[in-house]
Amino acid sequence: MKDCSVTEGIDAHRVRPSIEGGFRELGYSGPVSIKAYGDQKRTPDHLLQALSSTGVAVVHIRSESTCTLMYKDMVKWREDNLPPATMMIITNQMLDVFHWDLARLQQRTRYDLFLAYSVKPRAELYVATREVWLWEKLLLGTTTSTSADTAGELSSGFHCKSCSLDYQSVKSFKEHFFTENHAHNEVLYPQPTQLLSVTFNWGKNYAATPENATAKIHVFWDMFDCPIPGGYDPRRVRPSLEGAFKKLGYSGPVSITAYGDHKQTSDVHLQALSTTGIDVAHVIPEKIFSLMYDDLMDWQDDNPAPAIIMLISDEPVDFLGDILALLQQQQKYNLFWAYSFRPREMSIMLTSAEWLWDRLLAGNQQTNLLKLLVSECSGSIESVVGSTRTFYCKLCYFKCKRLDKFMKHLSSQKHISVVKVIYEQFEERERSWLEILQGRHITIDQTVEDIAGCD
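Chains are numbered independently. Their residues run from 1 in the order of the written sequence. In view of the model being predicted, local features appear only for residues whose pLDDT reaches at least 70, and side-chain atom pairs are presented and counted only at 80 or more, with totals across whole chains, interfaces and linings using the full set of residues. To obtain the side-chain values, all non-hydrogen atoms of the structure were included, while hydrogens and water were left out.

Q: Tell me about the side chain of Thr199, and name the residues and values.
A: To qualify as a helix, a DSSP run of H or I must reach at least 4 residues; to qualify as a strand, a run of E must reach at least 2; elements of each kind are numbered from the N terminus. Along the chain, the position of Thr199 falls in the loop between helix H8 (180–188) and strand E8 (217–222). Burial classes follow relative accessibility: with a 1.4 Å probe on protein chains only, a residue under 20% of its type's maximum area counts as buried, one over 50% as exposed, and anything between as partly exposed. A residue is classified by how much of its surface remains accessible, and Thr199, at 0% relative accessible area, is buried. In terms of polar contacts, Thr199 uses its side chain to reach the side chain of Arg104, at 2.8 Å. Each polar contact in these results corresponds to two N or O atoms within 3.5 Å; when the atoms are within protein, one needs to be able to donate a hydrogen and the other to accept it, and residues that are neighboring in sequence are counted only if both atoms are side-chain atoms.

Right, here's the structure in full:
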């Protein structure tokens, strides 16, 4: 209520019908419960009475603890009300306080989520919302009609979080704030001010659920960050991945695309990857994530959930993290992640499994070696995984089935010209940004000199 108050001139009796009216316009007609949090010592009696009389539960909490207690109650409500269900948060603190942990919660268990604020967040949110309103505009919008009888049935009480006490009248609620017991509790037993992350300890590898056990898995492999280790047989990559998946109960079909500068990859490695059913995609470092993103969007269009996306890279959070977090909230994909070193901090992406790249490749070594020997002896490596996969040049939109044709393309004048144009475009963008930054520095320096009177 501090961020989104009932502004002067607006009848507090409108709060519930305005919120319900907003829901009804979008087709939501289920029962609505509302809690209003704030330092209610400062809230006028008539406003508290109006809220309570329309079924809004009024909660007293000191301002610095409001978000923490709201979130705690929100998590408890989720536990007691399984989907399908709808949550609405009315606050200006979504970006700074709620959105990281809530985005991870929503990736595991999705609720329809609504947001209202009096000040628009300064940056894009990772939390997927069904609708967003400006608070004052919502209050002045369409309302539902509430009869006198219904209003009586909706009448709600008042709760003091500091003392865990309930009251039925504004008078007794306000008198409580001046009691010795209340003052004692607020001073000696203050409520926490830092939001307690519910998902902070989520990080282990989870066994497959029945709906995902046989789902398709696509692997997006960044060979710049996670190359094939020296002396490692490239034919073991696929069985190593599949072995790790099967340990967790995943047995669905696996497709893999290996992105890298394949002018630098040996022909032996390229042929080995291709003959074990791995698509080979040539990119340059500056374009890998934009091209990977395009492929990911195309893949998810053709493969709705339940399905699994795996990223093998050290940097997907910086370039794809927000996209994948939103995608998982909207369509409920499972996400796997492998990296060459552990991230410094927990990702916004909620994963179902994570591995260190070298340990993932080292797993099931004896089993994988046996599979290779059996395949070689029977001459059936390709029959195990399907036909030889495709070689792509993502920069030129070129593809073929033969390695010699692929390498010839990478050496062609057409390919060299395309790469040259791409780098020229990058250099032009860098020059433009440098000019902008230099212009800002000049302005700042001149202002400082004017203020300080410096020579």
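Q: Can you lay out the layout of surface pockets for me, pointing to particular residues and giving the numbers?
A: Roughly 350 Å³ of internal volume is contained in the second largest pocket. In the cavity and pocket records, a cavity denotes points on a 1 Å grid over the protein atoms alone where a 1.4 Å probe fits but cannot get out, a pocket denotes an open set with protein on both sides within 12 Å along at least 5 of 7 lines, and lining residues are residues with an atom within 4 Å of a point. Val317, Asp318, Pro343, Arg344 and Glu345 are the residues nearest the centre of the second largest pocket, which is lined by 16 residues in total. Contributions of two or more residues to the lining of the second largest pocket are made by helix H12 (316–331) and strand E12 (334–339). When residues are sorted by character, Ala, Val, Leu, Ile, Met, Phe, Trp, Tyr, Cys and Pro go into the nonpolar class, Asp, Glu, Lys and Arg into the charged class, and all the rest, Gly among them, into the polar class. Classifying every residue of the lining of the second largest pocket gives 9 nonpolar, 1 polar and 6 charged. Grid points are joined across faces, edges and corners, and a volume is the space filled by probe spheres set on the points.

Q: Which residues make up helix H1 (residues 15–25), and what are the values?
A: The element H1 is extensively covered by neighbouring structure, given that 9 of its 11 residues are classed as buried. The positive-phi residue at the C-terminal boundary of H1 is Gly27, with phi of around 95°.

Q: Give me the lowdown on H8, citing residues and values where you can.
A: Along H8, the positions that sit buried rather than exposed are His182, Asn185 and Glu186. Looking straight down H8, one finds its buried side chains confined to an arc of 95°; they lie on one side. What points out from H8, more than 90 degrees from its buried face, is the exposed set Glu180 and Val187. Turning to H8, the residues buried within the fold contact strand E2 (56–60), strand E6 (158–160) and helix H7 (170–176). Here the arc refers to the directions that run from the helix axis out to each C-beta atom. In what follows, residue pairs with any heavy atoms lying within 4.5 Å of each other are defined as contacts.

Q: Please provide a residue-by-residue account of a negative patch on the surface, values included.
A: On the surface, a cluster of negative charge is contributed by Glu286, Glu424, Glu427 and Glu430. Residue placement: Glu286 occurs in the loop between strand E10 (278–282) and helix H11 (288–302). Patch rule: a residue counts if its relative accessible area is over 30% and it has no salt bridge; like charges are joined within 9 Å, and nonpolar side chains (Val, Leu, Ile, Met, Phe, Trp, Tyr) within 5 Å. Per-residue and other accessible areas follow the Shrake-Rupley method at a 1.4 Å probe size, with only the shown protein chains counted as cover for residues. Salt bridge, as used here: a side-chain nitrogen of Lys or Arg that lies within 4 Å of a carboxyl oxygen of Asp or Glu. Here Asp and Glu are counted as negative and Lys and Arg as positive; His is not counted, and neither are the chain ends. Charge coordinates come from a single atom per side chain, which is NZ of Lys, CZ of Arg, CG of Asp or CD of Glu.

Q: Break down the packing of aromatic side chains for me, with residues and values.
A: To pair, rings of Phe, Tyr and Trp, with the six-membered ring standing in for Trp, must have centres within 6.5 Å; the planes then decide the type, stacked if under 30 degrees apart, edge-to-face if over 60, and tilted in the middle. Enumeration over the complete set of coordinates arrives at 19 aromatic pairs. Judged by centre distance (5.5 Å) and plane angle (10°), the ring pair of Phe114 and Trp133 falls under stacked. Placement of Phe114 in strand E4 (residues 112–117) and of Trp133 in strand E5 (residues 131–134) is noted, with a sequence separation of 19 residues between them. Summarising the burial analysis for this pair, Phe114 and Trp133 share the class buried. Arranged with centres 5.4 Å apart and planes meeting at 35°, the rings of Phe245 and Phe336 form a pair that is tilted. Of this pair, Phe245 sits in helix H9 (residues 237–247) while Phe336 sits in strand E12, placing them 91 residues apart in sequence. In this structure, Phe245 and Phe336 share a single accessibility class: buried. Members of the aromatic cluster, connected to one another through ring pairs, are Phe23, Tyr28, Phe114 and Trp133. Definition used: whenever NZ (Lys) or CZ (Arg) falls within 6 Å of the ring centre and also within 35 degrees of the ring normal, the charge is taken to sit over that ring. Taking NZ or CZ as reference, Arg429 lies 5.5 Å from the ring centre of Phe426, over its face.

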